[in-house]
Amino acid sequence: MHWLGRITDRISRIGIFISEIALLALLVLTVYAVLSRYVLHRPSIHAFELSAYLLVVATWMAAGWVSTVDRHVSMEALSQRLNTRWRAISRAIGHATVLVFCTILVVVGTASVIDAIEHNYRSASLLAFPLWAAYVLIPIGAGVLGLVEIQKFISALRLAFGETQERA
C-alpha cells in the first residue's frame, strides 16, 4: 500500500471509531430521553440538542471511512459498460469532483469556525453550547474525506495510465 494510503487508512479508522462512540452515546441518550419522558414524567431539556450534535459527529467522522471502503452511493450503470482504463478515468474524475467539494467545505467550514470563535456563537437554548465545537467537525470530516480522495485519485490515475505497481 502506498504511504498516503496507509496514512488515510489510519486517520479514517480513528474517524470511524469516534463515529461509533458517538452512535453509542446517541443510543444511550435516546433511551435516557424516552425513559425520563415516559417513565419518570420529567423530560430532558437537553436530549434533543445533544442528539443533533452527536449525529453531526457520527456523520462527519465516518465520511473518510465510508469512502475508504467504497460504501458510498455510486452510479454504476455507465461504469459497468466501460473498459478498465475508461472506468479508472471515470473514477478519477469522480474523485477529483469530490476533492473540489471537500476543499470548499474545508475553506468555508474553517472560516465559519473562526467566525464562531471570534463572536462567541452559542446555541439558542438553555445548554448554550459553543457552536464552534459543532462547526469544526465539518472541515475535519471534509479534510479526512479529501485525503482519502487524493489517495484514490492517484490510484485511479495510475490504473488509467499504466502504472499499476505502487511504490513502498
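One can find the structure itself at the top, above this paragraph.
The structure presented is a predicted model; accordingly, all values stated were derived computationally and were not measured.

Student: I tried to follow empty space enclosed by the protein on my own but got confused; where do I start?
Tutor: Where empty space is left can be seen by rolling a probe of water-molecule size over the atoms. In the structure shown here, the tally under the stated rule is one cavity of 30 Å³ or more. Taken as a whole, the largest cavity holds about 40 Å³ of empty space. If you go around the largest cavity, the residues you meet are His 2, Leu 4, Gln 151, Ile 154, Ser 155 and Arg 158. Ranked by residue count, the leading element in the lining of the largest cavity is helix α5 (residues 137–160), at four residues. Its residues placed into classes, the lining of the largest cavity shows two nonpolar, three polar and one charged.

Student: Mind showing me how you'd approach the layout of surface pockets here?
Tutor: Roughly 880 Å³ of volume is contained in the largest pocket. Contributions of two or more residues to the lining of the largest pocket are made by α1 (3–38), α2 (47–68), α3 (84–118) and α5. Looking at the lining of the largest pocket, the element that brings in the most residues is α5, giving eight residues. Within the lining of the largest pocket, the residues separate by chemical class into 13 nonpolar, 13 polar and six charged.

Student: Looking at this model, I keep getting lost on the packing of aromatic side chains. Mind explaining?
Tutor: In this description, an aromatic ring pair is defined by two values, namely the gap between the centres and the angle between the planes. Evaluation of the coordinates by the stated rule reveals one aromatic pair. Aromatic pair Tyr 53 and Phe 129: ring centres 4.4 Å apart, planes at 25 degrees, arrangement stacked. Of this pair, Tyr 53 sits in helix α2 while Phe 129 sits in the loop between α3 and α4 (131–135), placing them 76 residues apart in sequence. By relative accessible area, Tyr 53 is classed as buried at 16%. Of the residues examined, Phe 129 reaches a relative accessible area of 24% and is grouped as partly exposed.

Thresholds applied
Residues numbered from 1 in each chain as written. Predicted model: local features only at pLDDT ≥ 70, side-chain atom pairs only at ≥ 80, totals over all residues. Heavy atoms only, no water. 1 Å grid on protein atoms, 1.4 Å probe; cavity = no way out; pocket = protein on both sides within 12 Å on 5 of 7 lines; lining within 4 Å. Points joined across faces, edges and corners; volume = space filled by probe spheres on them. Helix = DSSP H or I, 4+ residues; strand = E, 2+ residues; numbered from the N terminus. Nonpolar A, V, L, I, M, F, W, Y, C, P; charged D, E, K, R; others polar. Phe/Tyr/Trp six-rings, centres within 6.5 Å; stacked < 30°, edge-to-face > 60°. Buried < 20%, exposed > 50% of the residue type's maximum accessible area, 1.4 Å probe, protein only.

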